[in-house]
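Listed here are the chains, written in short residue letters.
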Amino acid sequence: MTSRTGFFVLSGVLLLVALVCVGEGVQLVATGKPLGIGIGICAFVIPVIGVWFLRQTVRFGRDSERLARELDAEGGLPVDELKRSKGGRIDRASADAVFARRQAEAQAAPGDWRVWFRLAVAYADAGDTPRARKTMQHAIKLHSTEPARSNA
């Protein structure tokens, strides 16, 4: 199963659980008892949080794919230059060397979303997913503000 298929399956499950949660919340509020009403209201809040999280994840994926397509059209996508073991695992020293180079590029051009995109890929290759995501979000933010700065 690809990650995209898995995402859609889990998204469907999340939405189904949200519907069940709302239905249970309606039944709990309908009891008229204070405890039932309180738990019922909580049952309404949980799906809202889940759907918000799903929306943010979809938006992040869509935006990062848009940046990848644009960078690919410019010929600036990072090339996979990592050394791998026979089993396909990334060599840690190789990932660290590429990461150090990407980090230096980002420090040299802090306003360029392209170098931050490549740094995010280097973080992901190094196995640091939280920093990869945060760095990609920074690249997306820089990309969204780029046209406004070029017109000024």
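Residues numbered from 1 in each chain as written. Predicted model: local features only at pLDDT ≥ 70, side-chain atom pairs only at ≥ 80, totals over all residues. Heavy atoms only, no water.

All right, on to the nonpolar core then. Leu 67, Trp 113, Trp 116, Phe 117, Leu 119, Met 136 and Ala 139 are the most contacted members of the largest nonpolar core, which has 18 residues in total. Looking at this core, the elements with two or more residues in it are helix 2 (34-74), helix 3 (92-108), helix 4 (113-125) and helix 5 (129-151). In terms of residue count, the dominant contributor to this core is helix 4 (eight residues). Excluding its chain neighbours within four sequence positions, the residues that come into contact with Met 136 are Phe 60, Ser 64, Phe 117 and Ala 120. (Core = buried A, V, L, I, M, F, W, Y, C linked by side-chain atoms within 4.5 Å. Buried < 20%, exposed > 50% of the residue type's maximum accessible area, 1.4 Å probe, protein only. Helix = DSSP H or I, 4+ residues; strand = E, 2+ residues; numbered from the N terminus. Contact = heavy atoms within 4.5 Å.)

Here the focus is a nonpolar patch on the surface. On the surface, a cluster of nonpolar side chains totalling about 540 Å² of accessible area is made up of Val 22, Val 26, Ile 37, Ile 41, Phe 44, Val 45 and Ile 49. Secondary-structure elements contributing two or more residues to the nonpolar patch are helix 1 (3-30) and helix 2. Per-element accounting of the nonpolar patch gives the leading share, five residues, to helix 2. Along the polypeptide, Val 26 turns up in helix 1. Overall, Val 26 belongs to the partly exposed group, its relative accessible area being 45%. (Patch = residues over 30% accessible without salt bridge, like charges linked within 9 Å, V, L, I, M, F, W, Y side chains within 5 Å. Areas by Shrake-Rupley, 256 points an atom, 1.4 Å probe, with all protein chains shown as cover. Salt bridge = Lys/Arg side-chain N within 4 Å of Asp/Glu carboxyl O.)

On to helix 2. Given a rise of 1.5 Å per residue, 41 residues ought to cover 60 Å, and the 61 Å separating the end C-alpha atoms of helix 2 matches this to within 8%. Looking only at helix 2, the buried set comprises Gly 36, Gly 40, Ala 43, Pro 47, Gly 50, Leu 54, Phe 60, Asp 63, Ser 64, Leu 67 and Leu 71. Gly 75 lies just past helix 2 and shows a positive phi near 80°. (Expected span 1.5 Å × (residues − 1).)

This next bit is on the confidence of the model for the protein. Looking at the protein, pLDDT values average 89 and 95% of them are 70 or higher. Averaged over each element, pLDDT in the protein is lowest for helix 5 (84) and highest for helix 2 (93). (pLDDT = per-residue confidence, 0-100.)

One can find Glu 70 in helix 2. Taking the relative accessible area as the measure of exposure, Glu 70 reaches 28% and is therefore partly exposed. Along the sequence, Glu 70 and Arg 114 sit 44 residues apart, while their C-alpha atoms lie 9.6 Å from each other. With sequence-adjacent residues up to four places away left out, Glu 70 is seen in contact with Trp 113, Arg 114 and His 143.

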